[in-house]
Amino acid sequence: MLPELTEPQIRRYARHIVLAEIGGVGQSRLIAARVLVVGAGGLGAPLLQYLAAAGVGTLGVIDHDTVDLSNLQRQVIHRTADIGASKVESARRALSDINPEVRVEPRGERLTAANAERIIAGYDIVADGSDNFATRYLLNDVCYRLKKPLVAAAILRFDGQISTYKAWQGDGHPCLRCLFPEAPPEDAVPSCAQAGVLGALAGTLGALQATEVVKEVLGIGRSLSGRLLMYDALAGSFDEMAIAKRAECPTCGAR
Ligand SMILES: [Zn+2]
């Protein structure tokens with residue numbers, strides 16, 4: 001049973017409700033949705049704020065880190081006064097200011113192979129805004145096992161990429177390991193701390209991620225499953241690449 005919209009909700013979400021693809025029923029679906037955002041950093045900042053503003057009813061946020069001065073150049077959910085505070089607590093405060101109707105579930109812990117299944121099982125959709133390969137591959141494998149759509153983005157320097165993985169749906173739905181079977185060694189690819197990242201790039205990719213999460217919740221439009229969307233900020237251009245499902249994929253292949 002979807003929740004009935006209240007008068008203030010009809011006003012708050014009027015620009016959604018007027019869209020034929022969303023309407024009152026779609027808005028009620030967003031209010032009933034449970035989304036887990038992994039990382040309250042560069043991608044998580046716009047992602048969380050747009051999902052809260054959109055009325056996604058329950059937002060899980062997992063991040064073990066605290067706010068550092070060097071985060072503020074792109075992690076626009078945190079304020080200068082939040083330096084030293086837990087990122088999930090800082091994010092919770094910002095989100096309840098944006099939309100007090102949203103239930104935020106802050107988890108100030110690291111996502112690990114030991115806790116990932118238990119945590120992810122409580123949500124409908126996962127959005128990956130993490131900054132390391134171990135977490136990306138863990139999310140890929142656990143979301144596949146639990147049949148949860150995963151909207152994953154990554155940014156470095158002036159480049160960003162995003163895709164959606166729901167490989168349990170079969171043909172035409174690859175996973176991250178279909179694209180790159182194994183995570184590269186952590187020191188093979190530089191981090192944002194080493195190589196840098198344009199602040200606004202996090203906004204672009206995080207907003208795209210929020211859009212794809214909303215599309216997956218509502219089942220509208222064309223999913224990014226099977227496609228990698230790439231943004232080159234210096235060139236000012238988007239490009240996309242088809243991702244093939246591989247029979248020998250260690251996660252989703254037929255074996
Ligand atoms: Zn696969």
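Along each chain, numbering runs from 1 in the same order as the chain's sequence is written. Whole-chain, interface and lining totals are the exception, using all residues; otherwise, since this is a predicted model, local features are given only for residues with pLDDT of at least 70 and side-chain atom pairs are given and counted only at 80 or more. By convention in this description, side-chain values take in all heavy atoms of the structure and omit both hydrogens and water.

Peer 1: Which parts of the structure should I look at to understand the coordination of the zinc ion?
Peer 2: Tetrahedral coordination by four donors places them ideally at 109.5 degrees to one another around the metal; octahedral coordination by six donors ideally gives 90 or 180 degrees. Surrounding the zinc ion are the protein donor atoms Cys175 (SG), Cys178 (SG), Cys249 (SG) and Cys252 (SG), at 2.3 Å. Note that water is not among the atoms considered, so a metal site may appear incomplete; the donors listed are N, O and S atoms within 2.8 Å of the metal, with 3.2 Å applied to Na, K and Ca. Any coordination sphere not matching a tetrahedral pattern (four donors, all angles between 85 and 135 degrees) or a square planar or octahedral pattern (four or six donors, opposite donors over 155 degrees apart, other angles between 65 and 115) is reported as irregular. Here the zinc ion binds four donor atoms, and the angle range of 93 to 126° at the metal identifies the geometry as tetrahedral. Every donor residue of the zinc ion comes from the same chain, spaced as C-x2-C-x70-C-x2-C. In this pair, Cys175 sits in the loop between β6 (159-165) and α8 (176-179) while Cys249 sits in the segment after β8 (237-242), placing the two residues 74 residues apart along the sequence. An identical accessibility class is assigned to Cys175 and Cys249; each is buried. Helix and strand labels come from DSSP, where a helix needs a run of H or I of at least four residues and a strand needs a run of E of at least two; each type is numbered from the N terminus. Burial here depends on accessible area, computed with a 1.4 Å probe over protein chains only, as a share of the maximum for the residue type. Under 20% is buried, over 50% is exposed, and the range in between is partly exposed.

Peer 1: Would you mind showing me how to read helix α7 (residues 133-146) here?
Peer 2: Given 3.6 residues to a turn, an α-helix orients residues that are three or four positions apart in the same direction. The end-to-end C-alpha separation of α7 is 20 Å, in line with the 20 Å expected for 14 residues at 1.5 Å each. Taken across its 14 residues, α7 has 10 buried, putting it largely inside the fold. Contacts described as polar in this section are N or O atom pairs within 3.5 Å, which, within protein, must combine one atom able to donate a hydrogen with one able to accept it, while residues neighboring in sequence count only if both atoms come from side chains. The N-cap of α7, judged by a side-chain oxygen 3.3 Å from the amide nitrogen of Ala134 a few residues on, is Asn132. Immediately beyond the C-terminal end of α7, within one or two residues, lies Lys147, with a positive phi of roughly 55°. A helix is expected to span 1.5 Å multiplied by its residue count minus one.

Peer 1: I would appreciate a short explanation of helix α3 (residues 23-32) in the present structure.
Peer 2: When α3 is considered as a whole, its buried residues turn out to be Gly23, Gly26, Gln27, Ser28, Leu30 and Ile31. Where α3 is buried, its residues contact α1 (7-12), α2 (14-17) and α10 (199-218). The contact criterion used throughout is that any non-hydrogen atoms of two residues lie within 4.5 Å.

Peer 1: Mind showing me how you'd approach the pairing of strand β1 (residues 34-38) here?
Peer 2: Note on strand geometry: in a regular strand, side chains alternate between the two faces of the sheet. Taking burial as the measure, the five residues of β1 include four buried ones, the bulk of the element. Two strands make a pair as long as DSSP finds a minimum of two bridges between them. Pairing of β1 with strand β2 (residues 58-62), which is carried by five bridges, proceeds in the parallel orientation. Paired with Arg34 across the two strands is Thr58, which belongs to β2. With helix α4 (residues 44-53) bridging β1 and the parallel β2, this β-α-β connection has right-handed handedness. Bridging between β1 and strand β4 (residues 125-128) involves four bridges; their strand directions are parallel. Paired with Leu36 across the bridge in β4 is Val126. A clockwise course of the path from the first strand over the helix to the second, judged with the strands pointing away from the viewer, identifies a crossover as right-handed.

Peer 1: Just to check I follow, could you spell out empty space enclosed by the protein for this structure?
Peer 2: A probe as big as a water molecule, rolled over the atoms, marks out the empty space that is left. A pocket, in this scheme, is an open set of points on a 1 Å grid over the protein atoms alone with protein on both sides within 12 Å along at least 5 of 7 lines, while a cavity is a set where a 1.4 Å probe fits but cannot get out; residues line either one if an atom lies within 4 Å of a point. Grid points are joined across faces, edges and corners, and a volume is the space filled by probe spheres set on the points. A full pass over the atoms with the stated rule returns one cavity of 30 Å³ or more. Approximately 50 Å³ is the volume attributed to the largest cavity. For the lining of the largest cavity, the element with the highest residue contribution is α7, accounting for three residues. Any residue outside Ala, Val, Leu, Ile, Met, Phe, Trp, Tyr, Cys, Pro, Asp, Glu, Lys and Arg is labelled polar, Gly included; the first ten of those are nonpolar and the last four are charged. Split by residue class, the lining of the largest cavity holds seven nonpolar, one polar and two charged.

Peer 1: Where do I start with the side chain of Glu105 in this structure?
Peer 2: As for its placement among the helices and strands, Glu105 is situated in strand β3 (residues 103-107). Take Glu105: its relative accessible area is 17%, and that puts it in the buried class. A polar contact is formed between the side chain of Glu105 and the side chain of Arg34, at a distance of 3.2 Å.

Peer 1: How should I be thinking about a nonpolar patch on the surface in this particular structure?
Peer 2: What makes a patch is a set of residues exposed beyond 30% relative accessible area and free of salt bridges, joined within 9 Å when like-charged and within 5 Å when nonpolar (Val, Leu, Ile, Met, Phe, Trp, Tyr). Every accessible area reported is derived by Shrake-Rupley at a probe size of 1.4 Å, with residue values counting cover from the shown protein chains alone. Salt bridges, as used here, are contacts in which a Lys or Arg side-chain nitrogen is within 4 Å of a carboxyl oxygen on Asp or Glu. A contiguous nonpolar surface patch, about 280 Å² in accessible area, is contributed by Phe158, Leu198 and Leu234. Along the chain, Leu198 turns up in the loop between α9 (192-195) and α10. Relative accessible area serves as the criterion here: at 36%, Leu198 is assigned to the partly exposed category.

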